[in-house]
Amino acid sequence: MKNLGKVKSFRCGVQSNEIPKGVWRLFCMLLFLSPIHVFPVDEIAIRKKEIFPSDSLVKAVSHVVENDKIGIEISETGKIVRITDKNRQQSYPINEATEIEGLFSYQVQIDRENEGIFKITQIMRDSMGDRSCKIEKRISLLNDGVHIEVHILGNDYPWSSPIHTKLKWNVHESTKFWTAWGKENKKKTTLNLDGDKTSEATHSDVWEDPLVPAKFGDMELSYGGRREDGFVKAFSLPLATILQPDKKSSLNMVFSPRDTIINMKMKTTVDGNLIFSRLNDRIDPDNMISFSYDLFFKEDDWRPVLGWMVEKYPNYFNPPNSRVHEFAGTSSYSGYNGDMDVKKYKDMAYGFNWYAVRNWPYLGMFMPPVDEGETWQSWTGFGSGTATTGRTVSYQIIRDSHKKMHKQGFHLLEYFNLNEFGYQIKFPYDSTFTNTSEPLWKESNNLLHQKLKPAIRYEENNRVRFSWNRCVIMDPGHEVYHKYLMGQAERIIKNIPEFDGICIDRLDWFEGFNYREDDGISMINGKQAWALPLSLHKIMKPLSDLMHKNDKVIFYNPHLSRLDFAKYFDGIFDEHGDRGNKINLSALLALKKPIVGWIHNQETIEGQPDHWMQKYLYLGVYPMAPYPEANHSLEASEWADNLFLDYGLIFKALRGKQWIFEPNVAKVENDAAKINVFKTENGVLVPIVLGKDKNEVNVHLKLKKLLSDGKFKSYIAYPGDKKWSRFNGISKSNGEKVNIKLKRGAVFLLFK
């Protein structure tokens, strides 16, 4: 083992310097067999200090670091044990540390690098001395908080173990917790997705408000969600907020989305433990694991931490192509390209159609390599397992479809997919497909096995995954398929210049690993592999650059709801938008982007139609519009048309939506209804919704924070209204509180 520096700490009365691995292993075995119990360094104080229980927030203080706004105390074991908010004159004992599961601290060294900057170096080892690594942690005081950078470097052979970043908080009666969660459903139904049983909820009675903090409890969530539990128990932004309403304060922890995140979990316990765990990182001498996070104080509300994150990481929240707000509105997934009732759809605030006509001959061949004027047969199969013949297609026919949609005043997005390829794929290859008289691209089995085979994604035990109509799952991180997909995108841009953009389907395939490849930084079940989130970044960076350079927009169907994925996309089209937890996760990714929530059919919403429309508006979401030939989504009907026309005025006012992050900016007394606030291209929109059987509510609005110049005109509308009416119930003099009537459980205010 390399000499990693002088030692500052003592363990069990023995000064720890460099001990050979064999001697260390023997020493540990003897201690284990003796009646003396060896405690990890985080469970004992240094021998010079008093010993405290392992869950105590009191630790021996080694260093005090402070500036005009914030102060921290660092223990001799390298943990932050107290944090002070000087602005509010509040100080809290905490216990913050980054540790590796199964290892304990063997050496600790603390160095002051500059004013307000400390470097903490820890040597970690397991009890047998087989695994070891160095953790270097740099703590910097900033104007608004504490910035912490962590670097981990292994020794000897590669291995992996969860990396835990922990924060312990003294929980009081008033303490609340919040994160960008989906909120777990109370009722679940079963969905069979590509042969995998997952949990899905599609009923209004299971939705839980994601904007309501909760008491600390025993909870475990996955970043983005996991396929095995139906992407239910998840969080979409890597942050956590601990609120103390009695102190009008909150402590916030935010991880940088710029860092490589393979997999991450968040765990809380009822007694105030908060643990972010990074999973599947490879620890070895050739791979420096680096990540950073911030601790900072804000007001006792979830809005300021979102505002801080949006300001700190704008590229993850702003749409790369701002033109996307022209598309914002109720939308559809359909192969229909006939004439539309333009006035009706404009009154519904209709925006675009994700074109489900499937002009491609098979999945993955979205634009065949043919000459201008040449035709091909499109594919229309869906889940039937049988071949079906589509229509005759050419570049000109596709161009005409886009022109027709534009002439009616709407937009059309082409279908795109990064993982699913082919139709009725044979594995192993059946040579009877070979037909040298036809171009290779016409038969997906031939193209796959003769050109693209190296990019097939392999799961554990050499398993190949198939999806609908037995297409095969590919890895776009592999150079072969990466180059193929970029060629497809370039062909669309070249031959269909009229198209507005693409919508990419099913990012759930970027969960997991390709066991046939090695990315150099990840491990799974003791094996080196390729983490598929890396493939998403590898393909989306050039694809996003290409599309946006040509003024196209990119929507996506997330399934896997992660902020680091979201940076490449202009908007969200969530196929599970009628699942309460999924639309919550997606809405919090779309704080400054348009988002469309799926509605599978009329039966989903007809029991509580106002509930559905108001829930979407509360979250800043457009629902799918009722549309002809809707593909596994809401069909046009007189009933559905009338419902959407009742809310069309409000959906129009939502265009250009951006969430407002001022703390405690709006509240309904006694939580009699839900309230949110958005800045839009029309002004400031305040939906007051889900009041159920209430006839009126008392609303508190901090208008000075909504409208900085204090000058405004206020308007009011209810479900069913066709125009906004002037509202005199709020003025500059008495505008902070108002009693207001509800109709159908809602009222909408617009300030200009």
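Quantities reported herein were computed from a predicted structural model and do not represent experimental measurements.

Visitor: What's the story with the overall build of the protein in this structure? I'm lost.
Guide: Broken down by element type, the protein carries 13 helices and 49 strands. Within the protein, the proportion of its 752 residues that are buried is 61%.

Visitor: I tried to follow the pattern of salt bridges on my own but got confused; where do I start?
Guide: Oppositely charged side chains are able to pair whenever their charged atoms sit close together. Under the counting rule described, the total for this entry stands at 38 salt bridges. Glu420 is the partner of Arg506 in a salt bridge, and the nearest nitrogen-oxygen pair spans 3.5 Å. Of this pair, Arg506 sits in the loop between strand 31 (501–505) and strand 32 (513–514) while Glu420 sits in strand 27 (residues 420–421), and the two are 86 residues apart along the sequence. Look at Glu420 and you get buried, because its relative accessible area is 0%. A single network of salt bridges, built from pairs that share partners, joins Glu113, Lys119, Glu136 and Arg138.

Visitor: Which parts of the structure should I look at to understand the environment of Met547?
Guide: When you line up the elements, Met547 lands in helix 7 (residues 532–549). Sequence separation between Met547 and Asp500 is 47 residues; the distance between their C-alpha atoms is 9.8 Å. Aside from chain neighbours lying at most four places away, what touches Met547 is Ala489, Ile493, Phe499, Ile502, Lys552 and Ile554.

Visitor: Any chance you could explain the pairing of strand 4 (residues 70–75) here in plain terms?
Guide: Remember that side chains alternate between the two faces of the sheet whenever the strand is regular. Burial analysis of strand 4 places 5 of its 6 residues in the buried class, which makes it a mostly covered element. Counted between consecutive antiparallel strands, the loop separating strand 4 from strand 5 (residues 80–85) contains 4 residues, among which Gly78 sits at a positive phi close to 90°.

Visitor: Even after reading the chapter, I still don't get the packing of helix 5 (residues 444–452) against helix 6 (residues 479–495), so can you show me in this structure?
Guide: To characterise two packed helices, one gives the angle between the axes of the helices and the distance between these axes. Packing of helix 5 against helix 6 brings their axes to within 11 Å, and their N-to-C directions diverge by 130°. When the axes of helix 5 and helix 6 are compared, the pair comes out oblique. In this structure, helix 5 uses Leu447, Lys451 and Leu452 to contact helix 6, whose residues at the interface are Val480, Tyr481 and Tyr484. In the contact of helix 5 with helix 6, the residues fall into 5 nonpolar, no polar and 1 charged.

Visitor: Is there a simple way to think about unusual backbone geometry in this case?
Guide: If a residue is not glycine, its phi is most likely negative; likewise, a peptide bond is most likely trans. Residue Pro428 follows Phe427 across a cis peptide bond; omega there is 10°. The residue Pro428 is located in the loop between strand 27 and helix 5 in this model. Phi at Lys248 takes a positive value of approximately 50°, unusual for a residue other than glycine. Take Lys248: it is sitting in the loop between strand 17 (239–244) and strand 18 (249–255). Its identity is not glycine, yet Glu629 carries a phi of approximately 55°, on the positive side.

Visitor: What should I look at first to understand the confidence of the model for the protein in this one?
Guide: Fine structural detail should not be taken from predicted coordinates in areas where pLDDT scores are low. This prediction gives the protein a mean pLDDT of 88; 86% of its residues lie at or above 70. When the criterion is pLDDT under 50, residues 27–59 qualifies, and its contacts beyond four places in sequence or with other chains add up to 42 contacts. Per-residue pLDDT stays below 50 along residues 186–205; that stretch engages in 53 contacts with residues further than four places along the chain or on separate chains.

Visitor: Help me understand the side chain of Asn287, please; the structure alone is not making it clear to me.
Guide: Note on placement: Asn287 falls in the loop between strand 20 (273–279) and strand 21 (289–298). With sequence-adjacent residues up to four places away left out, Asn287 is seen in contact with Ile152, Leu153, Arg282, Gly520 and Ile521.

Visitor: Mind showing me how you'd approach the pairing of strand 37 (residues 571–574) here?
Guide: Residue alternation in strand 37 divides its side chains into two sets, Gly571 and Phe573 and Ile572 and Asp574, and both sets are buried. The parallel pair strand 37 and strand 38 (residues 595–597), bridged by helix 9 (residues 580–589), forms a crossover whose chirality is right-handed.

Visitor: Explanation requested: the side chain of Asp508 in the structure shown.
Guide: Locating Asp508 in the fold gives a position in the loop between strand 31 and strand 32. A polar atom in the side chain of Asp508 sits 2.7 Å from the side chain of Arg227. There is a polar contact of 2.7 Å between the side chain of Asp508 and the side chain of Arg506. Discounting residues that sit within four places of it in the chain, Asp508 has contacts with Arg227, Phe231, Pro558, His559 and Leu560.

Visitor: Is there a simple way to think about the packing of aromatic side chains in this case?
Guide: Two aromatic rings are characterised by how far apart their centres lie and by the angle between their planes. One pass over the structure, following the stated rule, counts 45 aromatic pairs. Their ring planes at 50° and their centres at 5.4 Å tell us that Tyr333 and Trp598 sit as a pair that is tilted. With Tyr333 in strand 22 (residues 330–334) and Trp598 in the loop between strand 38 and helix 10 (602–605), this pair connects stretches of sequence that are 265 residues apart. Assessed through its relative accessible area of 1%, Trp598 is described here as buried. Here Trp360 and Tyr415 contribute two aromatic rings whose centre-to-centre distance is 5.4 Å and whose plane-to-plane angle is 40°, an arrangement assigned as tilted. Here Trp360 is found in the loop between strand 23 (350–355) and strand 24 (376–379), whereas its partner Tyr415 is found in strand 26 (residues 411–417), with 55 residues between them in sequence. Of the two residues, Trp360 and Tyr415, both sit in the buried class. In this structure, Arg516 packs its charged tip against the face of Tyr458, placed 3.7 Å from the ring centre.

Visitor: Looking at this structure, I do not really get the packing of helix 11 (residues 609–618) against helix 12 (residues 638–653). What am I missing?
Guide: At a minimum axis distance of 11 Å, the contact between helix 11 and helix 12 shows a crossing angle of 30°. At the point where helix 11 passes helix 12, the crossing takes the right-handed sense. From helix 11, Pro609, Asp610, Met613, Gln614 and Leu617 reach across to helix 12, where they touch Trp639, Leu643, Phe644, Tyr647, Ile650 and Phe651. Among the residues forming the contact of helix 11 with helix 12, the class breakdown is 9 nonpolar, 1 polar and 1 charged.

Visitor: Help me understand the sheet that holds strand 26, please; the structure alone is not making it clear to me.
Guide: For sheets, the rule is that strands pair by backbone hydrogen bonds, running either parallel or antiparallel. Across the sheet, 8 strands lie side by side as 22-23-26-31-36-37-38-39; this open sheet has parallel pairing. Strand pairing shows two members of the sheet lacking a second neighbour, strand 22 and strand 39 (622–623), which therefore form its edges. Inspection of the sheet shows strand 31 paired to strand 36 (residues 553–556) by 4 bridges, in the parallel sense. Its bridge partner being in strand 36, Ile504 is matched across the sheet by Tyr556. Here helix 4 (residues 395–407) sits on the sheet and contacts strand 23 and strand 26; the angle it forms with strand 26, its principal contact strand, is near 140°. Sitting on the sheet, helix 7 is in contact with strand 26, strand 31 and strand 36, with an inclination near 135° to strand 36.

Visitor: Help me understand the sheet that holds strand 10 (residues 145–154), please; the structure alone is not making it clear to me.
Guide: The strand order across the open sheet built from 8 strands is 7-8-9-10-21-18-17-12, with neighbouring strands paired in antiparallel fashion. Strands at the two margins of the open sheet, each flanked by one partner only, are strand 7 (104–114) and strand 12 (176–178). Adjacent strand axes in the sheet meet at a mean angle of 15°, parallel and antiparallel pairs treated alike. As defined by bridge partners, strand 7 adjoins strand 8 (residues 117–125) across 9 bridges and the pair is classed as antiparallel.

Analysis parameters
- Residues numbered from 1 in each chain as written.
- Predicted model: local features only at pLDDT ≥ 70, side-chain atom pairs only at ≥ 80, totals over all residues.
- Heavy atoms only, no water.
- Helix = DSSP H or I, 4+ residues; strand = E, 2+ residues; numbered from the N terminus.
- Buried < 20%, exposed > 50% of the residue type's maximum accessible area, 1.4 Å probe, protein only.
- Salt bridge = Lys/Arg side-chain N within 4 Å of Asp/Glu carboxyl O.
- Contact = heavy atoms within 4.5 Å.
- Pairing = 2+ DSSP bridges.
- Axes fitted to C-alpha atoms, helices over the stretch in contact; angles between N-to-C directions.
- Parallel < 35°, antiparallel > 145°, perpendicular 65-115°, else oblique.
- Nonpolar A, V, L, I, M, F, W, Y, C, P; charged D, E, K, R; others polar.
- pLDDT = per-residue confidence, 0-100.
- Right-handed = clockwise from strand over helix to strand, strands pointing away.
- Polar contact = N/O pair within 3.5 Å; in protein donor to acceptor, adjacent residues only side chain to side chain.
- Phe/Tyr/Trp six-rings, centres within 6.5 Å; stacked < 30°, edge-to-face > 60°.
- Lys NZ or Arg CZ within 6 Å of the ring centre and 35° of its normal.
- Left-handed = near helix turned anticlockwise from the far one by under 90°.

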